[in-house]
Amino acid sequence: MCRRTDPGPVTIALDSLSWLLLHLPCTTLCQTLHTLSHQDSCPGDSSPVGQVRVLGLLHEELHGPGPVGALSSLAQTEVTLGGAMGQASAHILCRRPRQCPTHQTHWFSILPDFSLVLQEGPPLELKANPYPHTSPVDASSHLTFNLHLSKKEREARDSLTLPFQFSSEKQQALLHSGPGQATSHIFYEPDAYDDLDQEDPDDDLDI
């Protein structure tokens, strides 16, 4: 970069950020990438280098969400590739200062001579089923209890009377006891420390 005579923009291509993450701490790599992308001139040289762009390739499946998220936060443009050679896609996320991020998805095919053929959109089979290799999973298949009731269980539940539910027959039985039924009475004797004065219920607190 310092030996360049043309002050135009410079693009630094890093073949594999994954290889660098295996040999360097994530913080060191992020700081180095940030320094490269914000370098305008060489040390001791007054000639400007121009805009510096850093292009890096990352194998996302080899790293955890922490390093991937840290490197993603540094990028202004993030391209996620997926699919196979016959049908591939590129999801582009562009971040601009003081602007909302923009999302774009491009579909393409890679021919045997490694040339690219752009397509208008996803194939018809992907539109009908975006996830052809996934099958519906029954979440209640491995439970230790039933989420649904049978007809007999539903009838038994509806006929059950809960303890806090008083029917009219139960209320009449409790309020009007027959002559042969046992009755109960409550006898209360006031204690010396009972406070029966309702005007000042806190007078026994010695406040």
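Presented here is an overview of the structure given in this document. Fair warning: this is a prediction, and the values are worked out from it, not measured in the lab.

Things to note about the nonpolar core
Part 1: Counting six residues, the largest nonpolar core is built from Leu-17, Leu-21, Leu-29, Cys-30, Leu-33 and Leu-71.
Part 2: Secondary-structure elements contributing two or more residues to this core are helix 1 (17-23) and helix 2 (26-37).
Part 3: Sorting elements by how many residues they give to this core places helix 2 first, with three residues.

Regarding the side chain of Ser-18
Part 1: Tracing the backbone through its elements, the reader meets Ser-18 in helix 1.
Part 2: There is a polar contact of 3.0 Å between the side chain of Ser-18 and the backbone nitrogen of His-59.
Part 3: Excluding its chain neighbours within four sequence positions, the residues that come into contact with Ser-18 are Leu-57, Leu-58, His-59, Leu-62 and His-63.

Let's talk about unusual backbone geometry
Part 1: One non-glycine residue with positive phi stands out, namely Arg-98, at about 60°.
Part 2: In this fold, Arg-98 is placed in the loop between strand 4 (88-94) and strand 5 (102-110).
Part 3: Of note in this structure, Phe-114 is not a glycine but carries a positive phi near 65°.
Part 4: With respect to the element layout, Phe-114 can be found in the loop between strand 5 and strand 6 (116-119).

What to know about the layout of surface pockets
Part 1: By volume, the largest pocket amounts to about 1,200 Å³.
Part 2: Around the largest pocket, the lining comprises 32 residues; the ones closest to its centre are Val-54, Gly-56, Ala-75, Thr-77 and Glu-78.
Part 3: Of all the elements in the fold, those that place two or more residues in the lining of the largest pocket are strand 1 (10-14), helix 2, strand 2 (52-56), helix 3 (65-74) and strand 3 (77-83).

Observations regarding the sheet that holds strand 6
Sheet strands pair by backbone hydrogen bonding; their relative direction is either parallel or antiparallel.
Part 1: The antiparallel open sheet is built from four strands, whose spatial order is 3-4-5-6. Taken across any chain shown, the strands that pair with only one partner, and hence form the sheet edges, are strand 3 and strand 6. Averaged over all pairs of adjacent strands, the angle between strand axes in this sheet comes to 30°, irrespective of strand direction.
Part 2: Across seven bridges, the pairing between strand 4 and strand 5 is antiparallel. For Leu-93, the partnering residue across the bridge sits in strand 5 and is His-103.

Concerning the packing of helix 2 against helix 3
Part 1: Running from N to C, helix 2 and helix 3 cross one another at 10°; their axes reach a closest spacing of 10 Å. As judged from the angle between their axes, helix 2 and helix 3 are roughly parallel. Touching Cys-26, Leu-29, Cys-30 and Leu-33 of helix 2 are Pro-67, Ala-70, Leu-71 and Leu-74, all from helix 3.
Part 2: The class makeup of the residues in the contact of helix 2 with helix 3 is eight nonpolar, no polar and no charged.

Observations regarding the pairing of strand 4
As a general feature of sheets, a regular strand has side chains that alternate between the two faces.
Part 1: By the criterion of burial, strand 4 is predominantly enclosed, with six of the seven residues buried.
Part 2: Relative to strand 4, strand 3 runs antiparallel, the two sharing seven bridges. When the bridges of strand 4 are listed, Val-79 appears paired with Ile-92.
Part 3: Following strand 3, the chain reverses through four residues before pairing antiparallel with strand 4.

Let's talk about the state of the cysteines
Part 1: Tallied over the full model, the rule gives zero disulfides.
Part 2: Cys-30 supplies the cysteine sulfur nearest to Cys-26, a cysteine that is in no disulfide, at a spacing of 4.0 Å.
Part 3: Residue classification places Cys-26 among the partly exposed residues on the basis of a relative accessible area of 24%.

Points about a nonpolar patch on the surface
Part 1: A surface patch of nonpolar side chains, amounting to about 300 Å² of accessible area, comprises Leu-143, Phe-145 and Leu-147.
Part 2: The residue Phe-145 is located in the loop between helix 4 (124-128) and helix 5 (151-159) in this model.
Part 3: Given the relative accessible area of 48%, Phe-145 is considered partly exposed.

Considerations on the side chain of Ser-72
Part 1: Tracing the backbone through its elements, the reader meets Ser-72 in helix 3.
Part 2: Discounting chain neighbours no more than four positions away, the residues touching Ser-72 are Glu-78 and Arg-95.

Criteria and cut-off values
Residues numbered from 1 in each chain as written. Predicted model: local features only at pLDDT ≥ 70, side-chain atom pairs only at ≥ 80, totals over all residues. Heavy atoms only, no water. Core = buried A, V, L, I, M, F, W, Y, C linked by side-chain atoms within 4.5 Å. Buried < 20%, exposed > 50% of the residue type's maximum accessible area, 1.4 Å probe, protein only. Helix = DSSP H or I, 4+ residues; strand = E, 2+ residues; numbered from the N terminus. Polar contact = N/O pair within 3.5 Å; in protein donor to acceptor, adjacent residues only side chain to side chain. Contact = heavy atoms within 4.5 Å. 1 Å grid on protein atoms, 1.4 Å probe; cavity = no way out; pocket = protein on both sides within 12 Å on 5 of 7 lines; lining within 4 Å. Points joined across faces, edges and corners; volume = space filled by probe spheres on them. Pairing = 2+ DSSP bridges. Axes fitted to C-alpha atoms, helices over the stretch in contact; angles between N-to-C directions. Parallel < 35°, antiparallel > 145°, perpendicular 65-115°, else oblique. Nonpolar A, V, L, I, M, F, W, Y, C, P; charged D, E, K, R; others polar. Disulfide = S-S within 2.5 Å. Patch = residues over 30% accessible without salt bridge, like charges linked within 9 Å, V, L, I, M, F, W, Y side chains within 5 Å. Areas by Shrake-Rupley, 256 points an atom, 1.4 Å probe, with all protein chains shown as cover. Salt bridge = Lys/Arg side-chain N within 4 Å of Asp/Glu carboxyl O.

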